[in-house]
Amino acid sequence: MLRWIIAIVILLAIEFYAFQAFRSVTKIKWILIGYLVLSTLILAFIIYSFTQFDRSVGQNSKTLFTLGLLLVVYIPKIVLTFVMFGEDIFRLMAGMVNYFVNNDPNVSNIPSRRKFVGQIALGLAAIPFSSILYGIFEGKYNFKVHKQTIYFPDLPDAFDGFKITQISDVHSGSFDNKEKIEYAIDLINAQEADMILFTGDIVNTFATEMHPWIETFNRIKKYEYGKYSVLGNHDYGEYVTWSSAAAKDANFEAIKKLYGQIGFDLILNNHTFLQKGNDKIALVGVENWGKGFKQAGDLTKASEGLTKADFKILMSHDPSHWEMEIKNHPKHFQLTLAGHTHGLQFGIEIPGWIKWSPVQYVYKQWAGLYENVGRYVYVNRGLGFHAYPGRVGIWPEITVLELKKGNKVA
């Protein structure tokens with residue numbers, strides 16, 4: 001009960017200060033009334049939509065729209081609240097000075113709100129408002145190719161220059177634009193690589209989500225050294241209420257088959273060898289293992305028979321697995337490929353300058369390449385999107401990794 005009271009108080013404060021920002025800028029009555037009516041209708045719709053959420057259905061187009069609307073409306077209002085509340089603190093301090101120091105009866109103790117502060121607040125709020133809208137309509141399909149060269153002193157000679165394309169976190173149930181997805185497939189096929197790896201989350205929950213996209217993803221070209229995949233946390237159907245255990249199991253089996261239906265070999269706590277000339281490397285795949293998520297991955301089983309001397313590429317969906325178990329594992333996994341975080345689909349990335357997302361406070365490895373004593377993990381930012389129907393600053397990714405023999409180049 002207390003948390004609901006706190007939530008309501010915070011919501012009322014946000015609505016109050018957002019209205020103060022508009023009222024400080026304009027005194028036109030019909031504009032202010034229109035703002036209040038529109039705000040009330042939007043809030044009522046959001047509350048109603050959340051109360052109608054069906055745990056047996058999970059995320060769908062309506063929930064995506066609702067969460068998108070929530071962010072579009074309330075992130076800017078939170079910005080307005082911070083600015084206007086900050087002004088109130090200043091007004092209160094000025095009032096105290098007027099009362100205790102100046103003691104001037106002709107001066108109001110607390111100064112009135114200033115129009116320019118409201119204008120500044122609205123200007124600042126316009127930044128997240130426009131960014132979130134862009135993320136919904138354009139950003140979620142703003143596919144980027146990230147190319148990364150990684151050096152390994154123990155890479156077998158024949159694999160010097162070996163290239164891997166990585167995709168992750170498709171979340172096909174969120175897609176709503178076939179032309180954009182076909183463009184993504186064309187972009188994948190345009191990359192020169194020897195092999196493609198898919199590090200999980202083909203759907204949000206249900207196998208049927210992928211059915212409209214099977215033909216599209218079957219256009220991913222064949223690779224000389226194959227197409228391999230592992231499961232992600234969403235592939236287990238864990239986030240909805242099922243009518244029976246049998247229905248959940250049937251959906252899981254159907255999801256595993258989906259990978260094969262688009263031409264990928266699914267590796268489940270196992271490994272295979274890639275042979276090139278007289279040399280070979282091990283490709284290891286584990287089921288999902290994540291801190292706070294399903295932990296079906298069995299690294300011991302997947303690497304059975306492998307030694308520390310074998311060169312190994314490991315696919316593990318959740319990068320927390322690398323942090324918790326892989327990076328210091330005695331069998332020495334030289335390269336791990338992960339996804340899962342999506343970079344929260346929100347952040348700022350300017351290569352060479354800044355790389356930030358709120359997700360970095362949850363995951364130490366959240367986007368791009370990380371190293372620990374010569375062992376690397378690459379975290380793909382994801383091809384699709386989930387929950388928030390957009391991306392801001394952290395764009396959907398296709399990764400191309402080139403393996404080079406030698407020491408790290410500064």
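### Observations regarding the sheet that holds strand β7 (residues 279–285)
At step 1: Across the sheet, six strands lie side by side as β6-β7-β8-β9-β13-β12; this open sheet has mixed pairing. The strands lining the two open edges of the sheet, one partner per strand, are β6 (270–276) and β12 (368–372). Each neighbouring strand pair of the sheet contributes to a mean axis angle of 20°, computed without reference to strand direction.
At step 2: In the sheet, strand β9 (residues 335–338) pairs with strand β13 (residues 375–379) via four bridges, with the strands oriented parallel. Bridge pairing in β13 places A338 opposite V379.
At step 3: Running over the sheet, helix α9 (residues 319–326) touches β8 (312–315), β9, β12 and β13 and is turned about 160° from β13.

### A closer look at the sheet that holds strand β14 (residues 397–405)
At step 1: Spatially, the six strands line up as an open sheet ordered β1-β14-β2-β3-β4-β5, and their pairing is mixed. Both edges of this open sheet fall to β1 (144–152) and β5 (265–266), since each of them pairs with a single strand only.
At step 2: Sheet topology places β1 next to β14; nine bridges connect them, and they run parallel. Bridged to F152 within β14 is K405.
At step 3: On top of the sheet, helix α5 (residues 178–189) reaches β1, β2 (162–167), β3 (195–198) and β14; it is set at about 10° to β14, its chief contact.

### A closer look at α9
At step 1: Judged by how many residues are buried, α9 sits mostly within the fold: six of eight residues are covered.
At step 2: For α9, every residue scored as buried is listed here: P319, S320, H321, W322, E323 and I326.
At step 3: On its buried side, α9 packs onto α8 (299–302), β8, β9, β12 and β13.

### A short note on the pattern of salt bridges
Side chains bearing opposite charge may pair, as long as their charged atoms lie close to each other.
At step 1: One pass over the structure, following the stated rule, counts 16 salt bridges.
At step 2: Between E87 and R113 there is a salt bridge, and its shortest N-O distance comes to 3.4 Å. Of the two residues, E87 is situated in helix α3 (residues 61–102) and R113 in the loop between α3 and α4 (115–137); the sequence distance between them amounts to 26 residues.
At step 3: On the accessibility criterion, E87 (3% relative accessible area) is buried.
At step 4: Among the ionic contacts, a cluster of salt bridges with common partners joins E87, D88, R91, R113 and R114.

### Thoughts on the packing of helix α1 (residues 2–25) against α4
At step 1: Following both chains from N to C, one finds α1 and α4 inclined at 125°, their axes separated by 8 Å at the closest point. The angle between the axes of α1 and α4 places the two elements in the oblique class. The two elements α1 and α4 cross, and the hand of that crossing is left-handed. Contacts between α1 and α4 involve A21, F22, S24 and V25 on the former and, on the latter, K115, G118, Q119 and L122.
At step 2: Residue composition of the contact of α1 with α4, by class: four nonpolar, three polar and one charged.

Rules used throughout
Residues numbered from 1 in each chain as written. Predicted model: local features only at pLDDT ≥ 70, side-chain atom pairs only at ≥ 80, totals over all residues. Heavy atoms only, no water. Pairing = 2+ DSSP bridges. Helix = DSSP H or I, 4+ residues; strand = E, 2+ residues; numbered from the N terminus. Axes fitted to C-alpha atoms, helices over the stretch in contact; angles between N-to-C directions. Contact = heavy atoms within 4.5 Å. Buried < 20%, exposed > 50% of the residue type's maximum accessible area, 1.4 Å probe, protein only. Salt bridge = Lys/Arg side-chain N within 4 Å of Asp/Glu carboxyl O. Parallel < 35°, antiparallel > 145°, perpendicular 65-115°, else oblique. Left-handed = near helix turned anticlockwise from the far one by under 90°. Nonpolar A, V, L, I, M, F, W, Y, C, P; charged D, E, K, R; others polar.

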